[in-house]
Amino acid sequence: MRHPAAGLTVRAPAKLNLSLEVLRRRPDGYHELCTLFQAIDLCDELSVEPSDGLTLTVEGDAPPGEENLVLRAAHMLSPYAGGRGAYLRLRKRIPSGAGLGGGSSDAATALLALNRLWGTGLERPGLAEMARTLGADVPFFLHGGTARGTGRGDTIEPLPDVSSLWFVLSVPPFSLPVKTARVFRNLRTDELTDGLRTLQLAATLRSGGSPGSGDLYNGLRSAALRAFKDLGPYLVALEDASGREWALSGAGPACYTIAASRVEAEDLGRCVENLPGLRYVTSAAPAADLPK
Ligand code: C5P
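Remember, predicted model here, so these are calculated numbers, not experimental data.

### Section: the overall build of the protein chain
Thought 1: Secondary structure assignment for the protein chain yields 9 helices and 11 strands.
Thought 2: For 292 residues, the compact-globule estimate of 2.2 N^0.38 gives 19 Å, and the C-alpha radius of gyration of the protein chain, at 19 Å, lies within 12% of that figure.
Thought 3: Principal-axis analysis of the C-alpha atoms gives the protein chain an extent of 55 × 40 × 40 Å.
Thought 4: Residues classed as buried in the protein chain amount to 55% of the 292 residues present.
Thought 5: Counted over contacts in the protein chain with a minimum sequence separation of 6, partners at least 24 positions apart contribute 76%.
Thought 6: For the protein chain, the accessible area works out to roughly 12400 Å², and carbon and sulfur atoms hold 52% of it.
Thought 7: Both charge centroids of the protein chain, one from 31 positive and one from 32 negative side chains, sit 3 Å from each other.

Shown next as structure tokens:
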């Protein structure tokens, strides 16, 4: 039996990587990262309500069944709530498999929302352990806002919220199965870096500064260009049309550039509106947007 009145609805934001450096390959097959995550105001929405058993319905482009990280998160948390159940409804707006962290954000949001719904009372460190098991990007979304990620990207140091930062996203219409693993496999050792530019950008943000488009860095860019054969021409077309540098988020293929105001971002969005794919003008999302 469902109890809609006792439920809650929360937003699950997408992320961009303002900087992403790959430091080395680890013995466990993962890579050691130094990255700056930024949550943005492009969000999925997750509703949870008490129910018997665990059921998920999905509106939009994401798997509905057990392979959805939302359901895996719910199954992971439920034993800590005496095996309680929930009816979960996910409304997808973040494009999947684009490097925007949509699935990871949904999973973290499910942990936060169910922890509250069930009164489980787990603290952040316990939730972070579960998040880590679900995926390397999941722990960031327990914090949101701006944060530095180290280790597999799953050790999170929150940074102060940035003010008035706008982004134009352009998500090209191509995808790759098991994309993230493939892009990491395409990485060459001469593309490993020391993490310094990420630390410098973190210091800029900590002192209240804003990144410019020249500060954006992604050590997976060349590997992604090798994996996605159409990405190179797509980036050139974006840069030609806008007169700006564009960065890649995560393992791609979502591309973005940065603007100081909504008006500037909307102007840039119009410059690239004839390219194929999806376009979003969106702002940085503060950490406080997430349910505690
Ligand atoms: O943790 P997640 O399932 O998101 O990672 C997907 C794949 O990306 C991993 O199996 C691994 O091949 C690669 N990866 C990596 N180093 C990281 C994060 C992901 O090599 N820090």
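### So, the nonpolar core
Thought 1: Counting residues in hydrophobic clusters, the biggest one holds 40 residues, and the most contacted among them are Leu46, Val48, Leu88, Leu111 and Leu114.
Thought 2: Elements with a contribution of two residues or more to this core: β1 (8-25), β2 (31-51), β3 (54-59), α1 (69-77), β4 (85-91), α2 (102-117), α3 (124-134) and α4 (140-143).
Thought 3: In terms of residue count, α2 provides more of this core than any other element does, 8 residues in total.
Thought 4: Contacts of Leu46, omitting those with residues within four sequence positions, involve Leu8, Thr9, Val10, Val70, Leu88, Arg89, Leu90, Asp106, Thr109 and Ala110.
Thought 5: Leu20, Trp166, Val168 and Leu248 belong to the second largest nonpolar core, which has 28 residues in total.

### Digging into the sheet that holds strand β7 (residues 166-171)
Thought 1: With antiparallel pairing, 4 strands are arranged side by side in an open sheet as β9-β10-β7-β11. If you trace the sheet from one side to the other, it starts and ends with β9 (247-248) and β11 (278-283), each paired once.
Thought 2: Relative to β11, β7 runs antiparallel, the two being bridged by 6 bridges. Looking across to β11, one finds that Val171 is bridged to Leu278.

### A short note on the site of the ligand
Thought 1: Every residue close to the ligand is listed here: Gly29, Tyr30, His31, Leu33, Gly135, Ala136, Arg152, Thr180, Ala181 and Phe184.
Thought 2: Separating a nitrogen atom of the ligand from a backbone N or O atom of Arg152 is a distance of 2.9 Å.
Thought 3: When the ligand is considered free in solution it has 460 Å² of accessible area, and contact with the protein chains removes 72% of it.
Thought 4: At the level of elements, β2 and α5 (179-185) are the ones that each hand at least two residues to the shell around the ligand.
Thought 5: The greatest single-element share of the shell around the ligand, amounting to 3 residues, is contributed by α5.
Thought 6: Looking at the shell around the ligand, its residues break down into 5 nonpolar, 4 polar and 1 charged.

### Re the pattern of salt bridges
Thought 1: One pass over the structure, following the stated rule, counts 22 salt bridges.
Thought 2: Between Arg188 and Glu191 there is a salt bridge, with its nearest N and O atoms 3.8 Å apart.
Thought 3: According to the relative accessible area criterion, Glu191 is buried, its value standing at 11%.
Thought 4: The shortest N-O distance in the salt bridge between Glu239 and Arg221 comes to 3.7 Å. Here the residue Glu239 occupies a position in helix α8 (residues 231-242), and Arg221 occupies one in helix α7 (residues 221-227), the gap between them amounting to 18 residues.
Thought 5: The class for Glu239 is partly exposed, based on a relative accessible area of 26%.
Thought 6: Here Arg221 falls in the partly exposed class, since its relative accessible area comes to 27%.
Thought 7: Because the salt bridges share partners, they merge into one network encompassing Glu45, Glu59, Arg89 and Arg91.

### Brief notes about the packing of aromatic side chains
Thought 1: Across all of its chains, the model carries 5 aromatic pairs by this definition.
Thought 2: Geometrically, the ring pair formed by Phe167 and Tyr256 is edge-to-face, given 5.9 Å between the ring centres and 70 degrees between the ring planes. With Phe167 in strand β7 and Tyr256 in strand β10 (residues 255-259), this pair connects stretches of sequence that are 89 residues apart. Across the pair, Tyr256 and Phe167 agree in class, each one buried.

### Some points on α3
Since the α-helix packs 3.6 residues into each turn, any two residues three or four apart lie on the same face.
Thought 1: Leu127, Ala128, Met130, Ala131 and Leu134 are the residues of α3 that are buried. One side of α3 holds all its buried residues, which, seen down the axis, span an arc of 165 degrees. Facing away from the buried side of α3, by more than 90 degrees, are the exposed residues Pro125 and Thr133.

### Observations regarding the side chain of His31
Thought 1: Here His31 lies in strand β2.
Thought 2: Given the relative accessible area of 9%, His31 is considered buried.
Thought 3: Sequence-distant contacts of His31, that is, excluding residues within four places in its chain, are made with Val22, Arg24, Arg25, Arg26, Gly151, Arg152, Phe184 and Leu187.

What counts as what
- Residues numbered from 1 in each chain as written.
- Predicted model: local features only at pLDDT ≥ 70, side-chain atom pairs only at ≥ 80, totals over all residues.
- Heavy atoms only, no water.
- Helix = DSSP H or I, 4+ residues; strand = E, 2+ residues; numbered from the N terminus.
- Rg over C-alpha atoms; globule rule 2.2 N^0.38 Å.
- Buried < 20%, exposed > 50% of the residue type's maximum accessible area, 1.4 Å probe, protein only.
- Contact = heavy atoms within 4.5 Å.
- Areas by Shrake-Rupley, 256 points an atom, 1.4 Å probe, with all protein chains shown as cover.
- Lys, Arg positive; Asp, Glu negative; His and termini not counted.
- Charge placed at Lys NZ, Arg CZ, Asp CG, Glu CD.
- Core = buried A, V, L, I, M, F, W, Y, C linked by side-chain atoms within 4.5 Å.
- Pairing = 2+ DSSP bridges.
- Near = heavy atom within 4 Å.
- Polar contact = N/O pair within 3.5 Å; in protein donor to acceptor, adjacent residues only side chain to side chain.
- Nonpolar A, V, L, I, M, F, W, Y, C, P; charged D, E, K, R; others polar.
- Salt bridge = Lys/Arg side-chain N within 4 Å of Asp/Glu carboxyl O.
- Phe/Tyr/Trp six-rings, centres within 6.5 Å; stacked < 30°, edge-to-face > 60°.
- Arc of directions from axis to C-beta.

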